[in-house]
Amino acid sequence: MLTLTGKRILLIIGGGVAAYKSLLLIRELQRMGASVRCVLTAAGAEFVTPLSVGALSGDKVYQQLFDLTAEAEMGHIELSRSADLLVVAPATADLMAKMANGLAGDLASTLLLATDTPVMIAPSMNVRMWEHPATQQNLRTLRARGIQTVGPDEGDMACGEYGFGRVAEPEVIADAIARHLSGQARVATDQTLAISGPQGLRGKRIVVTSGPTHEPIDPVRYIANRSSGKQGHAIAAALAAEGAEVVLVSGPTRLDTPAGCTLHAVETAEQMLAATMGALPADAVVCAAAVADYRVGAVSENKLKKDTGTDARTLSLVENPDILKTVSRLADGRPPLVIGFAAETEQVIPHARAKRDRKGCDWILANDVSTGTGTFGGDDNQVTLVSEHGEDAWPRMTKAEVAARLAAKIAEALTA
Ligand code: CTP
């Protein structure tokens, strides 16, 4: 059972017909145990009254940026930071545009710019406004910054048209909030993508490497590593959900092939390189596989026996091809965007920077895989995106959330 016991939600109610549903959302969040404080925009107050919002939330309703009494009681910075999550519902096209462009002309937009608290938006608008390239671009920008989205739904609208743009139902928003705050955002994120389907990667072909490689020693033994493939597979799933044609080149894992991806199953680094090169040309390549750096030089045809002397205990290794480096340094047909991971156990960022230069890729997602972080095999990850523009440290989140954020960033980069 999902609960919100002890959670503090700051609900920003934008100006749309769907504002009335935010009254039901307040009740639903409280029913699940959350305390809800509300900000009502000027446009929002045209649709629901401060009296209704205040009566339901049981708290003061915040409306003005330059409200000196409120400022004395609680400044707007404090207001935005004293919550576990900021929820914008309904998030109008105007509010999304303000957020994407960093405007801060009223209380709601100022709070959203000033906050370091996670933000979730529930868009609601006319279908033409939703489908407008400006709104879709803003949506990509917001997602790339890690903002969670829920909805919109498809259906009849108050304006008499039909399509995407109806705000998600209060129970669905409350459910997405509870999942996000309990670290189970996988389902919510996937549903969100499936529902709203910005499809920013439609028509793009992307190759993803995932999982470990197995380098044979003899017919029954191999050298492997602890990679589960969860991050790479989650990235493939998120890219497919954004509409990309995804080729997943994966070493052995226990995972199902994500919907919409074509799997090339491989075992060794050499096979992974061949499958990756064979899948080109592509608009982007994401190398998330934990490729073995070395393989056994002379793989024994027969099972090595315990009693065959000292030679059997010494493995002579040769270096494997570097897939990321090979793709990044292609003179002909280099994909426009090549992304790698840097699994490090110390000096994570300096090593990742050096790795980016050495390999020649565009972005490196640096992550700390030292013992105790639980990254290898676990469900969470904390990555820092290293690019020519510097470093962007993302908060610790589920691998599915990292994937969704990366997919949004790729969509932004490939459509810029
Ligand atoms: N990689 C690759 N082919 C290899 C080795 C690594 O494509 N033979 C890719 C990985 O998929 C990852 C990135 O290169 O995106 C960095 O992998 P990592 O293991 O962190 O780095 P290495 O190149 O192995 O360097 P080092 O062992 O010195 O850390």
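This structure is a prediction, so every number in the text was calculated from the model and none was measured.

**Q** Help me get a handle on the pattern of salt bridges, residues and values and all.
**A** One pass over the structure, following the stated rule, counts 19 salt bridges. Notably, a salt bridge pairs Arg 128 with Glu 161, separated by 3.8 Å at the nearest N-O pair. Of the two residues, Arg 128 sits in helix H7 (residues 127-131) while Glu 161 sits in the loop between strand E7 (153-156) and strand E8 (162-166), which places them 33 residues apart along the sequence. Assessed through its relative accessible area of 53%, Arg 128 is described here as exposed. For Glu 161, a relative accessible area of 29% gives the class partly exposed.

**Q** Would you mind going over the site of the ligand in detail, with residue names and values included?
**A** Taken together, 15 residues are adjacent to the ligand, and Cys 287, Ala 289, Phe 341, Lys 355 and Lys 359 come closest. Asp 293 has a polar side-chain atom sitting 2.8 Å from an oxygen atom of the ligand. The backbone of Ala 343 places a nitrogen or oxygen atom 3.1 Å from an oxygen atom of the ligand. Burial of the ligand by the surrounding chains reaches 79%, relative to a free accessible area of 570 Å². When residues of the shell around the ligand are traced back to their parent elements, those giving at least two are helix H13 (323-328), strand E17 (337-344) and helix H14 (348-359). Top contributing element to the shell around the ligand by residue count: E17, with four residues.

**Q** Can you tell me about the sheet that holds strand E5 (residues 119-123), naming the residues and giving the values?
**A** Pairing between the strands of a sheet comes from backbone hydrogen bonds, and it takes one of two forms, parallel or antiparallel. Ordered in space as E3-E2-E1-E4-E5-E6, the six strands form an open sheet in which the pairing is parallel. The open sheet has two edge strands, strand E3 (61-62) and strand E6 (148-149), and neither has a second partner. The pairing of strand E4 (residues 85-91) with E5 spans four bridges and is parallel. Across the sheet, Val 88 pairs through a bridge with Ile 121, a residue of E5.

**Q** Can you lay out the sheet that holds strand E21 (residues 390-393) for me, pointing to particular residues and giving the numbers?
**A** The eight strands lie next to each other as E13-E12-E9-E14-E17-E18-E20-E21, forming an open sheet whose pairing is mixed. Edge positions in the sheet fall to strand E13 (261-265) and E21, since each of these pairs with one other strand and no more. Strand-to-strand, the axes of this sheet are offset by a mean angle of 20°, without reference to chain direction. Running at roughly 165° to strand E9 (residues 205-210), helix H11 (residues 230-241) makes contact with E9, strand E12 (245-250), E13, strand E14 (284-287) and E17 of the sheet.

**Q** Break down the domain arrangement of the protein chain for me, citing the residues and quoting the values.
**A** Buried accessible area, meaning the area lost when the parts come together, often serves as the stated size of an interface. Under the domain assignment used here, the protein chain contains domain 1 (8-186) and domain 2 (205-302 + 312-414). Each of domain 1 and domain 2 was reduced to a C-alpha centroid, and the two centroids are 36 Å apart. Residue-level contacts link 12 residues of domain 1 with nine residues of domain 2. Summed over the shared surface of domain 1 and domain 2, the number is one salt bridge. In this structure, the salt-bridge partner of Glu 242 is Arg 143, at a minimum N-O distance of 4.0 Å. Summed over the shared surface of domain 1 and domain 2, the number is three residue pairs in polar contact (both at pLDDT 80 or more). Elements with a contribution of two residues or more to the side of domain 1 that touches domain 2: helix H8 (133-144) and helix H10 (185-196). It is H8 that provides the largest number of residues to the side of domain 1 that touches domain 2, a total of five residues.

Reading the values: the criteria
Chains are numbered independently. Their residues run from 1 in the order of the written sequence. With the structure being a predicted model, the display of local features is reserved for residues of pLDDT at least 70 and the display and counting of side-chain atom pairs for 80 or more, all residues being used for whole-chain, interface and lining totals. As a rule here, side-chain values come from all non-hydrogen atoms in the structure, and water together with hydrogens is ignored. By definition here, a salt bridge exists when the distance from a side-chain nitrogen of Lys or Arg to a carboxyl oxygen of Asp or Glu is within 4 Å. Strands are runs of DSSP state E lasting at least two residues, helices are runs of H or I lasting at least four, and both sets are numbered from the N terminus onward. Relative accessibility under 20% of the residue-type maximum defines a buried residue, over 50% an exposed one, and the middle range a partly exposed one, all with a 1.4 Å probe and only protein chains included. Any residue with at least one heavy atom within 4 Å of a molecule or strand is counted as near it. Throughout this description, a polar contact denotes any pair of N or O atoms lying within 3.5 Å of each other; where both atoms belong to protein, one of them has to be capable of donating a hydrogen while the other can accept it, and for residues adjacent in sequence the pair is counted only when both atoms sit in side chains. Per-residue and other accessible areas follow the Shrake-Rupley method at a 1.4 Å probe size, with only the shown protein chains counted as cover for residues. Only when DSSP finds a minimum of two bridges between them are two strands counted as paired. Every axis in this analysis is a line fitted to C-alpha atoms, fitted for helices over the stretch in contact. Angles between the N-to-C directions lie between 0 and 180 degrees. The contact criterion used throughout is that any non-hydrogen atoms of two residues lie within 4.5 Å. Domain ranges listed in this record stem from an automatic or a database domain assignment.

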